[in-house]
Amino acid sequence: MNGIEREKIGPMTLRAWGLLTSLTVWALYLLTLAPTTGFWDASEYVTTAHILGLPHPPGNPFFVLVGRVWDLLLGFTGLPVALRINALGATLSAGASFFWFLTVARIVARFRQDRREVLVASIVAVWIGATAFTVWTQSNLNEKVYPLSMFIVALVSYLAMVWLAEADTSRGNRLLVLMALLLGLGWSNHTMSLLPGLALAAFVLLHRWRAALNPRVLGLGVALLAVGYSLQLLFVPIRSAQNPIIDEADPECPTLVSAITPKRITDRYGKSKVAVACEPLALSLIRDQYAPPPIELRQAPLSAQLANYWQYFDWQWARSLPPGARLAASILFLFLALVGLWTHLRNDRKTFIYAGTLFFTVTLLLVYYLNFRYGYSIYWEEAPGVAAHEVRERDYFFIIGFQLWGIYAGLGLVSLWGRWTASEPSGVPERPPGFSARHRKAAALLAVGLIPFVFNFTRADRSDERAARNWAHNMLQSVEPYAVLFTYGDNDTFPLWYLQEVEGIRRDVTVIVQSYLGTDWYHRQLRRLTKPCEPDESPEDAPTTTVCQRPFDPATAADLYADMAVTPPARSAVPPPSAGIDDLSRGQSVPEDSTYRLGDWISGTVRGGDILPPPDIRVFQIARQSLGDRPVYFAATAPAVWSRWQLQPYLVRHGLAFKLVDAPLQASETLVDLREYFPGSALPTWNDRIRTGALLEEVFLVNDLLEWEEWPEPSTRSSIPTAYYAAHAVQGISEELHGNVEAAERAYRRANHFARLAASGGESPSD
């Protein structure tokens with residue numbers, strides 16, 4: 001069993017076949033690789049890897065460091081940064097395929113004599129696992145930390161199989177401590193990397209418990225696990241102290257000793273958790289910013305969570321097919337995977353202890369542990385409120401499980417092809433190498449393994465995916481120099497951060513995420529970021545850290561701002577601590593109906609009994625501080641931000657953003673009031689016809705979207721195309737009212753196209 005990787009099968013060793021297979025997977029990922037950034041966390045991770053920033057808690061330091069090194073190593077290519085980091089995900093996933101290949105080969109070789117069957121099983125299993133929809137799309141565009149975790153899980157799984165053959169040797173002990181180090185490093189990337197822990201513990205204890213409980217092995221293993229995880233405890237506070245532009249949770253510590261000193265803290269649910277003495281870092285480690293509930297507080301019925309998992313499973317094998325045909329494919333691959341699981345269990349229970357436990361961990365146990373709310377696109381009749389649902393599809397959390405489903409489906413398929421009806425009896429001479437007549441007759445059966453490749457390709461292909469990058473460009477160019485731009489959440493913010501920090505476009509704009517304003521650190525960072533520069537200060541001296549207000553650079557701005565008189569702001573956009581903005585820790589109750597005044601012309605009322613949460617109060621304070629000193633804008637995707645203060649009558653559309661105007665608004669050649677055309681609309685109805693027209697016609701990058709037949713990403717399908725639709729529809733009416741028939745028709749055509757994209761996807765919410 002030792003050294004099976006070095007055995008020759010045909011012209012190459014098994015290891016070489018594994019390398020060839022993983023290179024094929026890599027080529028597939030590169031062929032479908034996104035050329036730039038994507039929506040959701042993709043943009044955040046590309047940006048933080050490039051600037052050594054700290055993404056959302058707990059900070060993913062291992063990925064940030066690996067990404068930065070990779071970014072530097074590929075610098076000579078001249079490729080865009082986002083493309084480089086996307087290629088890192090593809091490379092890590094292909095590397096995971098290599099180690100899964102060797103893992104499958106070691107497992108199958110334990111009960112099949114014919115090495116050619118071992119080779120076919122390894123190739124087919126890895127190929128199906130690699131072309132599962134979520135695995136594929138996480139490898140060519142989406143969130144970047146998961147391919148790194150996949151790589152670590154695959155490597156640990158392979159080392160576990162090697163350990164089985166070396167368990168009685170000193171090398172076996174070394175393998176155990178190496179796996180502990182890898183798990184520690186993976187932990188500092190994402191807790192997903194710890195998923196093999198339960199399987200590894202069961203595997204070692206059942207096969208050689210003395211090795212696991214050997215004080216030297218156990219002690220060194222725990223020490224190396226801590227060494228790997230120390231990246232989380234040391235790099236994060238050290239980098240935070242340098243104030244990188246993206247420094248989420250601000251986990252800076254007064255001393256490094258406090259960063260590594262264990263301490264129990266109590267979360268907001270009253271649960272005691274192990275963390276560290278440094279409170280900011282401790283809150284980051286327990287992800288207090290997102291306030292995950294305890295596991296016993298179920299966010300949805302387990303039946304609904306399992307139904308959501310089945311929905312994601314149904315996507316994996318033939319995503320482009322209509323629901324009925326896709327369901328048939330899902331049932332087929334479920335059957336094949338169950339055959340593969342049974343074949344493994346029946347033929348080799350030793351390795352099944354590891355693989356079966358891992359499989360259970362990353363499927364059913366993970367569904368229970370993650371405790372998600374109702375799925376993004378299902379159960380809306382039972383739970384109609386938005387707050388009851390996840391904000392987007394969460395299939396990526398189950399990526400390792402879907403890869404294992406694919407691997408076991410491959411094993412099941414090959415077992416049917418080879419008719420693995422029983423284990424090879426010991427002592428039976430090995431058959432001559434080569435495929436028998438039985439193999440050749442059933443060879444066509446193996447073509448089933450190509451179904452995910454064929455029917456996932458069009459939906460997984462991201463080679464023309466520029467929507468997020470261009471959205472960020474269009475949004476940032478919608479606002480005037482030195483603007484404050486309020487966004488609502490992650491998805492309409494991270495692409496803007498990417499464009500500013502990676503491509504250097506419109507860094508003068510201060511993007512403010514309303515949802516982050518509920519923390520006690522974010523507004524303080526914004527205060528530093530927007531304060532006027534002292535005579536001896538320049539943000540260019542340290543472009544990846546927060547120094548002072550970044551200057552307006554006309555070279556990165558739309559031409560329509562070239563002739564605009566631009567004056568740098570005289571004060572920070574965030575009021576000083578004396579204004580009380582730093583002391584907001586909870587919502588403020590309004591005792592009775594009250595009138596507020598935001599500017600000279602902007603006023604409104606707050607009803608008695610309302611509770612104003614800190615984010616809304618800080619939006620008000622920042623807007624009041626900024627008016628008269630810098631332009632104030634709200635993203636088209638942020639109605640929840642402006643509606644709290646009834647700002648709709650004072651907002652004027654500029655492309656994809658709305659400018660807050662503290663002056664009387666009157667209809668003119670430039671300003672158009674469309675209230676009668678959109679009665680009851682939640683969107684502002686004033687449109688700057690000249691500015692919006694120039695943006696839509698001369699500045700916005702939408703030509704690629706005008707060629708799309710459907711919107712590929714479910715969680716942005718309604719919001720992003722709808723924002724484009726509204727901008728073009730409003731402009732069409734405005735031009736028609738002013739007699740510009742040709743311009744109006746052009747805007748209407750585009751509006752209709754975006755309306756079709758918003759309704760596209762070929763699925764109902766329950767599919």
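Residues numbered from 1 in each chain as written. Predicted model: local features only at pLDDT ≥ 70, side-chain atom pairs only at ≥ 80, totals over all residues. Heavy atoms only, no water.

S.K.: Outline the packing of helix α6 (residues 133–140) against helix α18 (residues 451–460), supporting the account with residue identities and numerical values.
M.R.: Running from N to C, α6 and α18 point in directions that differ by 45°, and their axes come no closer than 10 Å. One finds that α6 runs oblique with respect to α18. You can see that α6 and α18 cross each other, and the crossing is right-handed. Contact residues: α6 offers Phe133, Trp136, Thr137 and Asn140, while α18 offers Pro452, Phe453, Asn456, Phe457, Arg459 and Ala460. Within the contact of α6 with α18, the residues separate by chemical class into six nonpolar, three polar and one charged. (Axes fitted to C-alpha atoms, helices over the stretch in contact; angles between N-to-C directions. Helix = DSSP H or I, 4+ residues; strand = E, 2+ residues; numbered from the N terminus. Parallel < 35°, antiparallel > 145°, perpendicular 65-115°, else oblique. Left-handed = near helix turned anticlockwise from the far one by under 90°. Contact = heavy atoms within 4.5 Å. Nonpolar A, V, L, I, M, F, W, Y, C, P; charged D, E, K, R; others polar.)

S.K.: Go over the side chain of Thr48, please, and point to the residues and values.
M.R.: Note that Thr48 resides in helix α2 (residues 41–51). Overall, Thr48 belongs to the buried group, its relative accessible area being 0%. A polar contact is formed between the side chain of Thr48 and the backbone oxygen of Glu44, at a distance of 2.9 Å. Sequence-distant contacts of Thr48, defined by excluding residues within four places in its chain, comprise Gly53, Leu54, Pro55, Val64 and Ile246. (Buried < 20%, exposed > 50% of the residue type's maximum accessible area, 1.4 Å probe, protein only. Polar contact = N/O pair within 3.5 Å; in protein donor to acceptor, adjacent residues only side chain to side chain.)

S.K.: Requested: an account of the pattern of salt bridges, with residues and values cited.
M.R.: One pass over the full model with this rule turns up 31 salt bridges. Of the charged contacts, one joins Arg268 and Asp288 as a salt bridge, the two residues approaching to 3.0 Å between their closest N and O atoms. Remark: Asp288 occurs in the loop between α12 (279–285) and α13 (302–315) and Arg268 occurs in the loop between β3 (262–266) and β4 (272–276); sequence separation between them is 20 residues. Between Asp673 and Arg675 there is a salt bridge whose closest N-O contact spans 2.5 Å. (Salt bridge = Lys/Arg side-chain N within 4 Å of Asp/Glu carboxyl O.)

S.K.: An account of the state of the cysteines is requested, with residue identities and associated values reported.
M.R.: For the coordinates displayed, the defined rule picks out two disulfides. Each sulfur in the disulfide pair Cys253 and Cys278 lies 2.1 Å from the other. Where Cys253 bonds to Cys278 through sulfur, the torsion about that S-S bond is close to -100°, and the disulfide is left-handed. Taken together, the residues Cys253 in the loop between α10 (215–241) and α11 (256–260) and Cys278 in the loop between β4 and α12 connect sequence positions 25 residues apart. A residue is classified by how much of its surface remains accessible, and Cys253, at 14% relative accessible area, is buried. Under the relative-accessibility criterion, Cys278 is labelled buried at 2%. The disulfide partner of Cys533 is Cys548, and the gap between their sulfur atoms is 1.9 Å. Its S-S torsion of about 90° marks the bond between Cys533 and Cys548 as right-handed, since a negative value means left-handed. Of this pair, Cys533 sits in the loop between α21 (522–530) and β7 (588–589) while Cys548 sits in the loop between α21 and β7, and the two are 15 residues apart along the sequence. (Disulfide = S-S within 2.5 Å.)

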